Structures are given as structure tokens and as C-alpha cells.
Amino acid sequence: MSAETLQVLADVGKGKSTRSVLRVIILALIAGASIASRLFSVIRFESIIHEFDPWFNFRATKYLVANGFYNFWDWFDDRTWHPLGRVTGGTLYPGLMVTSGAIWHALRALTIPVDIRNVCVLLAPAFSGLTAIAAYLLTNEMTTYNSAGLLAALFMGIAPGYISRSVAGSYDNEAIAIFLLVFTFYLWIKALKQGSMLWGAFCALFYGYMVASWGGYAFITCLLPLHAFVLILMGRYSTRLYVSYTTWYALGTLASMQIPFVGFLPVKTSEHMPALGIFGFLQLLAFLDYVRSAVPSRQFQTFLWLFAGGIFVLSLAVLVIATSAGVIAPWSGRFYSLWDTGYAKIHIPIIASVSEHQPTAWPAFFFDLNLLIFVFPVGVYLCFQELADEHVFIIVYAVFGSYFAGVMVRLMLTLTPVVCVAGAIAISTILNNYLIAKTPTEEDQQAAEAAEKKGSKSGLKSATKPVVGIYGLWSKSLMVAAMAVYLLIFVMHCTWVTSNAYSSPSVVLASRMPDGSQHIIDDYREAYQWLRQNTKEDAKIMSWWDYGYQIGGMADRPTLVDNNTWNNTHIATVGKAMSSREEVSYPIMRQHEVDYVLVVFGGLLGYSGDDINKFLWMVRIAEGIWPDEVSERAFFTPRGEYRVDGEATETMKNSLMYKMSYYNFNNLFPPGQAVDRMRQARLPEVGPTLSTLEEAFTSENWIIRIYKVKDLDNVGRDHISATAFEKGLKKKKAAKKRGPRVLRVD
Amino acid sequence: MAPKRNNANRGVSPNPKTATTTSAAVPLPPNPNPSAPIPGSRPSSAHSTVSTHPKTSASAPVSQTWDKVISNLTSHYQKSSPQRTKLLDAFMAFLVVVGVLQFVYCVLAGNYPFNAFLSGFSATVGQFVLTASLRIQTTEANKKDFPAVSPERAFADYVVCSLILHFFCVNFIN
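It should be emphasised that the depicted structure is a prediction, and the values quoted were computed from it without experimental measurement.

Colleague: Pulling in residues and values, what's your account of the overall build of chain B?
Modeller: Of regular secondary structure, chain B possesses 7 helices and 0 strands. Overall, chain B shows an N-to-C arrangement of helices and strands of α-α-α-α-α-α-α. Burial analysis of chain B (174 residues in total) assigns 47% to the buried set. Within chain B, contacts between residues separated by at least 24 positions form 70% of all contacts whose residues are at least 6 apart in sequence. Approximately 8800 Å² of chain B is accessible, and the part contributed by carbon and sulfur atoms is 67%.

Colleague: Give a detailed account of the sheet that holds strand β3 (residues 540–542) of chain A, specifying residues and quantitative values.
Modeller: All names here are of chain A. Overall, mixed pairing links the 4 strands, which are arranged β3-β4-β8-β7 in an open sheet. Two strands close off the open sheet at either side, each with one partner strand: β3 and β7 (693–698). Each strand of the sheet is rotated relative to its neighbour by a mean of 30°, with strand direction disregarded. Pairing of β3 with strand β4 (residues 594–600), which is carried by 3 bridges, proceeds in the parallel orientation. Across the sheet, Ile 541 pairs through a bridge with Tyr 596, a residue of β4.

Colleague: Which residues make up unusual backbone geometry, and what values do they have?
Modeller: All names here are of chain A. At the junction of His 82 and Pro 83, the peptide bond is cis and its omega measures out at 0° in the coordinates. Positionally, Pro 83 belongs in the loop between α4 (53–73) and α5 (95–109). With a phi close to 55°, Leu 387 is a non-glycine residue in the positive phi region. Here Leu 387 lies in the loop between α20 (372–386) and α21 (389–407). The residue Asn 664 is not glycine, and still its phi comes out positive at about 65°. Inspection of the secondary structure assignment puts Asn 664 in the loop between α31 (656–662) and β5 (675–676).

Colleague: Account for helix α19 (residues 362–369) of chain A, with residues named and values stated.
Modeller: Every α-helical turn comprises 3.6 residues, leaving residues that sit three or four positions apart pointing alike. All names here are of chain A. Turning to α19, its buried residues are Phe 365, Asp 368 and Leu 369. Seen end-on, α19 carries its buried residues on one side only, within an arc spanning 80°. Asn 370 occupies a position one or two residues after α19 and carries a positive phi of about 50°.

Colleague: Break down the packing of helix α9 (residues 174–194) of chain A against α21 of chain A for me, with residues and values.
Modeller: Relative placement of two packed helices is described by the angle separating their axes and the distance separating the axes. All names here are of chain A. Direction vectors running N to C along α9 and α21 enclose 145°, while the axes themselves pass 10 Å from each other. For the pair α9 and α21, the sense of crossing is right-handed. Residue-level contacts link Leu 181, Phe 185, Trp 188, Ile 189, Leu 192 and Lys 193 of α9 to Asp 389, Glu 390, Phe 393 and Tyr 397 of α21. Partitioned by chemical class, the residues of the contact of α9 with α21 number 7 nonpolar, no polar and 3 charged.

Colleague: Residue-level account of a nonpolar patch on the surface, with values.
Modeller: Side chains of Phe 312, Val 313, Leu 316 and Val 320 of chain A sit close together on the surface and give an oily, nonpolar patch of about 400 Å² of accessible area. Considering the arrangement of structural elements, one finds Val 313 of chain A in helix α15 (residues 297–324).

Colleague: Lay out the side chain of Ser 162 of chain B with the relevant residues and their values.
Modeller: All names here are of chain B. In this structure, Ser 162 sits in helix α7 (residues 151–172). Among the polar contacts made by the side chain of Ser 162, one reaches the main-chain carbonyl oxygen of Tyr 158 at a distance of 2.7 Å. Apart from the residues lying within four places of it in its own chain, the contact partners of Ser 162 are Gln 127 and Leu 130.

Colleague: Describe the UniProt feature "transmembrane region" (unreviewed entry) in chain B, listing the residues and the values that go with them.
Modeller: Sites flagged by UniProt as "transmembrane region" (unreviewed entry) map to residues 87–110 and 155–173 of chain B. Annotated as 95% helix and 0% strand, the span residues 155–173 of chain B places its first and last C-alpha atoms 26 Å apart.

Colleague: An account of the nonpolar core is requested, with residue identities and associated values reported.
Modeller: Membership of the largest hydrophobic core comes to 223 residues, with the highest contact counts inside it found for Phe 185, Tyr 245 and Tyr 528 of chain A. It is α9 of chain A that contributes the most residues to this core, 14 residues altogether. Ignoring anything within four residues of it in the chain, the contact list for Tyr 528 of chain A reads Tyr 547, Gln 550, Ile 551, Met 554, Ala 555, Leu 598 and Ile 704 of chain A. In terms of nonpolar packing, the next biggest core, distinct from the first, is built from 12 residues, Ala 294, Phe 307 and Ile 311 of chain A together with Val 69 of chain B among them.

Colleague: Give me the lowdown on the interface of chain B and chain A, citing residues and values where you can.
Modeller: The figure often quoted for interface size is the accessible area lost as the parts come together. Contacts between chain B and chain A engage 50 residues on the former and 40 residues on the latter. Here chain B and chain A share an interface that buries about 4000 Å² over both sides, 74% of which is from carbon and sulfur atoms. On the surface where chain B and chain A come into contact, there are 0 salt bridges. Of all the elements in the fold, those that place two or more residues in the side of chain B that touches chain A are α1 (2–12), α4 (60–80), α6 (114–138) and α7 of chain B. Take the side of chain B that touches chain A: its biggest share by element is 15 residues, from α6 of chain B. Looking at the side of chain B that touches chain A residue by residue, the class counts come to 31 nonpolar, 11 polar and 8 charged.

Colleague: I'd love a proper account of the pattern of salt bridges, names of residues and values included.
Modeller: Residues and elements named next belong to chain A. Across all of its chains, the model carries 25 salt bridges over all chains by this definition. Its salt-bridge partner being Arg 59, residue Asp 77 comes within 2.9 Å of it at the nearest N-O pair. Taken as a pair, Asp 77 in the loop between α4 and α5 and Arg 59 in helix α4 lie far apart in primary sequence, 18 residues in all. Considered together, Asp 77 and Arg 59 belong to a single accessibility category, that of buried residues. For the salt bridge of Asp 645 with Arg 643, the shortest nitrogen-to-oxygen distance reads 2.9 Å. We classify Asp 645 as buried; its relative accessible area is 11%. Each of Glu 141, Lys 190, Lys 193 and Glu 390 takes part in one network of salt bridges that share partners.

Colleague: Requested: an account of the packing of helix α11 (residues 217–233) of chain A against helix α14 (residues 273–294) of chain A, with residues and values cited.
Modeller: Residues and elements named next belong to chain A. At a minimum axis separation of 9 Å, α11 and α14 run at an interaxial angle of 35°. At the point where α11 passes α14, the crossing takes the left-handed sense. Listed contacts from α14 to Thr 221, Pro 225, Ala 228, Phe 229 and Ile 232 of α11 are Pro 274, Ala 275, Ile 278, Phe 281, Leu 282 and Leu 285.

Colleague: Account for helix α24 (residues 473–500) of chain A, with residues named and values stated.
Modeller: Here α24 of chain A contains 28 residues, and its C-alpha end-to-end distance of 40 Å stays within 8% of the 40 Å for a straight helix at 1.5 Å per residue. Buried-residue contacts for α24 of chain A involve α3 (40–44), α7 (146–158), α8 (160–163), α19, α20 and α22 (412–434) of chain A.

Colleague: Now, about the confidence of the model for chain A: what can you tell me, with residues and values included?
Modeller: Across chain A, the average pLDDT comes to 83, with 87% of residues at or above 70. Scored below 50 in pLDDT, residues 455–459 of chain A makes 1 contact in the model with residues more than four places away or belonging to other chains.

Colleague: Help me get a handle on the packing of aromatic side chains, residues and values and all.
Modeller: Aromatic ring pairs are reported here in terms of the distance separating the ring centres and the angle at which the planes meet. All names here are of chain A. Evaluation of the coordinates by the stated rule reveals 57 aromatic pairs over all chains. Relative to Tyr 707, the ring of Tyr 663 lies with its centre 6.1 Å away and its plane at 65°, an arrangement referred to as edge-to-face. Taken together, the residues span a long stretch of sequence, with Tyr 663 in the loop between α31 and β5 and Tyr 707 in strand β8 (residues 704–709) at a distance of 44 residues. Exposure remark for Tyr 707: the relative accessible area of 0% places this residue in the buried category. Linked through ring pairs, Phe 127, Phe 179, Phe 183, Tyr 186, Trp 199, Phe 202, Phe 206 and Tyr 209 together constitute an aromatic cluster.

Colleague: With reference to specific residues and values, describe the state of the cysteines.
Modeller: On inspection of all chains with the given rule, the structure shows 0 disulfides over all chains. The cysteine Cys 420 of chain A is free of any disulfide, with Cys 494 of chain A supplying the nearest cysteine sulfur at 8.8 Å. In this structure Cys 420 of chain A comes out as buried when scored by relative accessible area, which is 0%. Here Cys 106 of chain B is not cross-linked by a disulfide; its sulfur's nearest cysteine counterpart is in Cys 169 of chain B, at 16 Å.

Scoring rules and cut-offs
- Throughout this document, residue positions are counted from 1 along each chain, in the order its sequence is written.
- For this description, chains carry letters from A and ligands carry numbers from 1, given in the order in which they are written.
- In view of the model being predicted, local features appear only for residues whose pLDDT reaches at least 70, and side-chain atom pairs are presented and counted only at 80 or more, with totals across whole chains, interfaces and linings using the full set of residues.
- The side-chain figures draw on all heavy atoms in the structure; neither hydrogens nor water molecules are used.
- Secondary structure elements are defined from DSSP: runs of H or I of at least 4 residues count as helices, runs of E of at least 2 residues count as strands, and each element is numbered from the N terminus.
- Exposure classes here rest on a 1.4 Å probe applied to the protein chains alone. A residue is buried below 20% of its type maximum, exposed above 50%, and partly exposed in between.
- Residues count as neighbours in contact if any of their non-hydrogen atoms are within 4.5 Å of one another.
- Residue-level accessible areas treat just the shown protein chains as cover; the underlying method is Shrake-Rupley with a 1.4 Å probe.
- For two strands to be treated as a pair, DSSP must find no fewer than two bridges joining them.
- All axes here are fitted lines through C-alpha atoms, helices being fitted over the stretch that makes contact, and every angle between N-to-C directions spans 0 to 180 degrees.
- Directions pointing from the helix axis toward each C-beta atom define the arc.
- Handedness of a crossing is defined here by the sense of rotation of the near helix relative to the far one, left-handed for an anticlockwise turn of less than a right angle and right-handed for a clockwise turn.
- Residues are grouped as follows: Ala, Val, Leu, Ile, Met, Phe, Trp, Tyr, Cys and Pro are nonpolar; Asp, Glu, Lys and Arg are charged; all remaining types, including Gly, are polar.
- The patches reported here contain residues having more than 30% relative accessible area and no salt bridge. Joining distances are 9 Å for like charges and 5 Å for nonpolar side chains (Val, Leu, Ile, Met, Phe, Trp, Tyr).
- For salt bridges, the criterion is a side-chain nitrogen of Lys or Arg within 4 Å of an Asp or Glu carboxyl oxygen.
- For the purposes of these results, a polar contact is taken to be a pair of N or O atoms within 3.5 Å, where, inside protein, one atom must be able to donate a hydrogen and its partner to accept one; residues adjacent in sequence count only when each atom of the pair is a side-chain atom.
- UniProt positions are given in the numbering used here, feature names are shortened, and annotations may be inferred rather than shown by experiment.
- Think of a nonpolar core as a cluster: buried Ala, Val, Leu, Ile, Met, Phe, Trp, Tyr and Cys residues, connected wherever their side-chain atoms sit within 4.5 Å.
- As used here, buried area is the combined drop in accessible area, with a 1.4 Å probe, of two parts when they are placed together.
- The length a helix should cover is 1.5 Å for every residue beyond the first.
- Values of pLDDT, ranging from 0 to 100, describe the predictor's confidence in every residue of the model.
- Think of it this way: a Phe, Tyr or Trp ring, Trp meaning its six-membered ring, pairs with another when their centres are within 6.5 Å, and the plane angle makes it stacked under 30 degrees, edge-to-face over 60, tilted otherwise.
- Note that a disulfide, as used here, is simply two cysteine sulfur atoms within 2.5 Å.

Structure follows, in C-alpha cells:
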């Protein structure tokens, strides 16, 4: 009976059509699983946009939906970067917003009334399902094993390295960009294999979509030429390469130039020059190839040397001259920091200050990829064994992806697809070898030996393939069981990482009560709601740039600086205002028409991402512009410590940031016992005084504190003497203390 | 490609005329280039090289092999290319001429409407490349490289790609 059912089951899997049906079902399930595992954040918290950048994307999407495409394209935003404003339509990658706008309109047309917020929240999970399918297609181009594609889809669907950027609510460019990346690579491989113009054109179109979506498109721009170059160096130039590459480049470059933010960059910057260079080089090769087919080889050689050498020297000279003459812009700072990890720290603090631009710590690889990081080299090795054009691609991608992932944390994202593909190839090869129930028989072996004898005369020993098989049932079952256990552990690890590390919106914080129940800390939204309801429509909020997008998105108030860090000087101005004495800061704030100042303070709750911890970056960035007025050294004690307690330096204690953070803080505690829980520091008994600002709002857990900038004094005193007068101090004493004169701003 | 190389030629072209009188070996290679990428226009320019070089060149063997290469190429081309391919080649030659004209204009008169220049120039380059691809795919000798692409399919691809190309160009031209 049981044998019969087994037989029936085995037969079901044998038919070709049943197999493809099964494959479709499995793929659909994988897509479903990858969507489901990204919904932790919605279930635990709510349908909310996460973090910082997504808030801008969300705001832009709302603008797009409300005002239509043309207004969005020409959008000048006067509510950010006050008083400069931002040409938003020309300085963003519109792919994400346009995609969700289109989905929203499509759903409306189908009479499904859905909130644009929900479209935005669920866009990343939906696209992750597509990414899994794209990974399946890409892997299927690599091997003949169908299981490899399915495994790759599964890995891609649940690998934490990708989930980290695509949980529900993480409405960022990467949400759709990784799908586009993988799919563009698939189309490229397809175009290269068939040598087809049409596939090349598809590749270019998706490349254009990718350019419209994410700045990381430069990765494709560099990887495809590199692949072509490696193929040429290996002597694998083919007409198929010519057709696919030139079609991709000619159409793709034009497509990328349609995006206003990219504009003329593809013909002007060095990042894009390799692609152009390979394009030109391929033309030469195609011509040489034609000549070779036409003339005898002897003549061809003289022709080749003179011709190729001359052209190469000429084009190199043109490139060097053009770069030095400034026709082609040199490499940008972010690019330099890819080669020299210390570069950004020295030259561009604003790039170094972003945590995701830091070099990767090695446990991160295991954390984000788990089992795959071990089988990844195996997969690359297997690619070496076959080494067709598409395997070269995987190898090149693997090498460069690993390097970049090691340099910058966030480029782990670009490594993940190739790790999934290579890992799937490795695991499916193992499983395919061990899962075959049939043991090789004597006859097979004899036939193989005979074949080997025949072949040994002509071929190399390694070129002949002896029949290798696994004989023992034990070894088979052991190996398969071990792989199954590894894969199960992988799934458990992924789920655990997703639920614990990557599903927090960071706008809403969760903590545990002593009895184990969940407690939601909602200070951010509390404070932004307060701003929205209690301040004027055009009240300018000054805060560090991290919170600019959130203030714009949640509080809908103009900000001075935000996460689109396009103007370093403006950010440094805010940094200077935060890190200077009140007498210096007040004129700056008046000049920028600041109405409220917002700081994030974690001292009461022990919240690590607060402004005091980021303070040194503000100092550094300000110091970069005003080295005479702000000095990082002055914020450290003589022993080189960064302290906030009684032994903090005078500069630190007098800085606006310090004062705003700890103002009135000691009133919460019994006298002399105020403790900053984040930094475990006992604060001085007398708290700081503020004379140019007044406290306007402090959230429940003191995470966000908002101060109102005082207007000029009614009777013309400066603020310090006014405060002193109100406290009942003698005027003489206050006058003595007076610092530099306060500028009057009319 | 063609414009780029022509760019290089344009930069060099004053040199060969002056330099051929002094030494033949070095400046010679660039000289046949203008004819090189354009099989259609080759006969005429090949004639000119054949007629001018022996007079000026001092070192005989190099120029002789060159003459041989050129003559071999032309004869091979005329023998083995079907009429349709020659038509394509003529079109490509036309595109190269247009591309060179645009580039010369850009250098002489400035690139002020840079959008317009870029889209016009990329239209010629892109069309050239697509035509070259079509030529490669329809050549009998390359048939084994493209098992999936029949000549009809190649032409359909060509039309689709050209449509996409010109859509982008028109969109970009401002």
C-alpha cells in the first residue's frame, strides 16, 4: 500500500508538464513566503513608514498623487532647506514614487479604494516577491539544475541582507532597486547568450528604470563593461557580445539621461567612462574581426598591431587630456571612499558621519547571510568549472560585490543577490549528487573506464570525466540530512533576524515591561503631532539633519536641513549653531528665521541614537567650515574624554546642544542625583540655564525636546541680562558676564 | 564608435599629410582608418590611399603589405557581400558622415544646446550600432553564432530597438 502511494507520488513528479506546474506553484509559494516574512513590522507595530529617508519618499509620493506627474517633475520645494529651498523634482530618483503612484492609480481604476500610505508600506514586500522570481530566472541561466533556481529564489526571498532594506514600511529606493538590479542582470545574460538586440533593448529599458530608481545604478554601469572586458581579455570576444553590449549601451545611456538628476553625467563623469571605453573598444574589435575574416593571417597581424596600438594610445591620451582639462569630471568623493576607506573621514565628514557608509564588520556577513556565506565560495568555484560567458559574469560580480560589501555596510545589499545565486548553485549541486537513488552499476563503471582509455590518448586527464557516484545509502542519507538541517537552521536564522533586528520602524520604539508585556514608546510621533497642532504653518524648525525628513513628513513644517545633504555649508551652519555658545547661536538662528529648535535626548530612557551621541559629528562638520570658531578638541577633557558630567569642558557645557539636552533635567531627580542613563554620568547639581530659548515641549520620555526661540527683548536688552534681571540678579554682575554683543536683526 | 574614432582621426588628420613626407611607418596606420569602419565608402578612399602612398612612402615593405591588406579587403568585400549588406553599409557610412558633421559643428560652434547635440549625436551612434548589429546578424558567416535569431527576427528587433532609440532621442532633445 505505502509502496504504491510512493510510486504514485514519484510518478506525479515525472511528467514534464506536472513538473512545470509544480515549479510555478513552488515559485508562487516562495514569493508568498518572502512577502509574509516582511510583514513582522506591520503586525508588531502598525502600517507605518519607517526611519528617515522613507518619510521623504512618502511625502514626495503624496505630492505626486495630489498634484500629478508634471507638477511633480517641476517641483520646487520651499519647505526644506530654508531659506534656500530644493529643486526636488530635479534632484531625486523618481522611480519609486512613480511606481507606487502608478500602482495606486491602477488600484483605483479597479475600484479598489486604497490609501496611498498602504501602497507605500507594502511596496517593498511586493517587490521582494518579484525579486525572488528574478533570482530564479537568473540562476536558471547559469545551470541546468532546476532546483538551483528555486533555491536561489528562496534564498533571495528570505536572506536578511536583503530583508534589512525591504521590510514593510521601509519605503526606500532599494525596495524596488534590488529587483531591478537582479532583473537587469538576468536580461543582460539572456541578451549575451542569444546575441539578441531585443533582449539587449529590454536590458537597457530596465537599466533605465533602475537609473530612475536608485543611485546604485552605477554598480550596473561598471559591472557590465567589466564583464565584457574580462570576456575580451579571455579571448572570448564574439559577435553576440558586440550586439548585446552595444545595444545595451546605446539605448541604456540614452534612457539614463532622461532622468533630470542624472542628466549629462553619463558623458561627463569618470564613473561612466569605463562603459563608454568598452563601447568604443568593441567597435574596434568588431571591425578587426571583420578584417580578420577577410585577409590572410600574416597580413592581419601587422595590421592589428599598428591599428590597435595606435588607437589605444590615442584614446588613452584623449581620456587623460579630457580629464585634466576638466571636460570629464573627476571621481566623486563617495567613489574615492570606496577605494580608500579612510578618505571620507579626512576629507568629507558628512559622508563618514552616516553609519551605513562605514566599513562592514565581519560578523555582519554571517548575520546577514548565514549559511550562504560558506557555500558562496563553493558556488563560485563551480562557476569556474563550467566557465561559460554567464559564469564569468557571476565570478566578476562575486569578486566586486564582495569587495564593495566589505568597504561599505550598505553595499551588502548588492552582494546579496550573487551570494544567493552562487549558494543555490552549490547546494543544488550537492543535493543533486546525493539525492540520486540509483547507484552506479558495474557496467557503467566499465563503460567509463573504456571511455577513459580511449580518451586518454587524445585528451588531458582532467578533461575526461570518469563516472563518479555515491554508492552507500548511508553516506547519501547522512549528507542529505545534514543539508536539510543546515537549510532549516538557515530559515530559522532568517526569521529570527527579521523579527528581531530588522522589523523595528525606529519611529516607534518598543520595549518590554517588567512583566514581559510590550510597551510602545511613541515620543517621536507625539512631538511631531505637537508641532503640527501648536505651531504656525510656516514655523521653521531647526534640528540636526537626521530628523529633517521626518519633520517634513510627519509635522509638515519647514526645516533648515534634511537628509538630502546637498549643501554642506548649510549643515555646517546648523552644526555651528548647535555647538556654539548661545550668544553666537542666537544671531545664526535669527538670520535663518528659526522659530523652534528640536533636539533628541536619550538620557532619561537610555536611548542611544540621540543628539549628544551625534554631537561630535556636528562639531566636526562645523569645524570643517569654521576652523577658527569651532574646535573639536575643546569638547574633550584634557585627558581626551568625551564627558557630559560635572567634569565636562566649559565649551561643552556652554554649547547650545548640551544646554538644550540637559535643561531642567535635574528637576526630575532628588538634588544632586541626576543621572544620564545613556552615558551613565552623574550630572552637576546645578543644571544649565537658557536665556535665548524657552522650553516649548518635551515628550513623555524626554526623547524629543522642542525649544522656542525668543523674540528680541521688548526694552532692547540682550537676552542674558534680561534673564538675569528676571531672576533678580544685580545688573552689574550680569553686565560683567556679558559676552560678545548680540547682533540686532531687524 | 565611429564618431569617436573619427574624432581621433580628425585630431590626427592634419598630421598624416604633413608627416607622410617625413616617415611613412608611423602615421600610416591612422590614414586608412576613415575608410576602415565604412565598408561602403571603402573603394573610393582605398583608391586614394593606393594612389598616394607609394609616391610618398620611403620604406617599401610596410606600405606594400598595407596596399595588399587594403586591396585584399576591398576585393573580399566586393566579392562576398550581398546587395542588402551593401545597402546597410551605405547607410552606416551615411551615419558616420552625419556623426562627424555633428561633432565638427559641436567643436567649432560650441555645444550650446547640449541636449540637442547629445540626442542628435547619440541617435546617429545608436543607429549605427544597431545597423551594425543587424548586419552582423544577417551575415551568412555568423549564422552559427545566433541560433535563436533568424534574419526576419533580426529585422524585427532592429525596428523595435530603433523605435525605442528615437523615442528617447525625441524626448531628450528639448
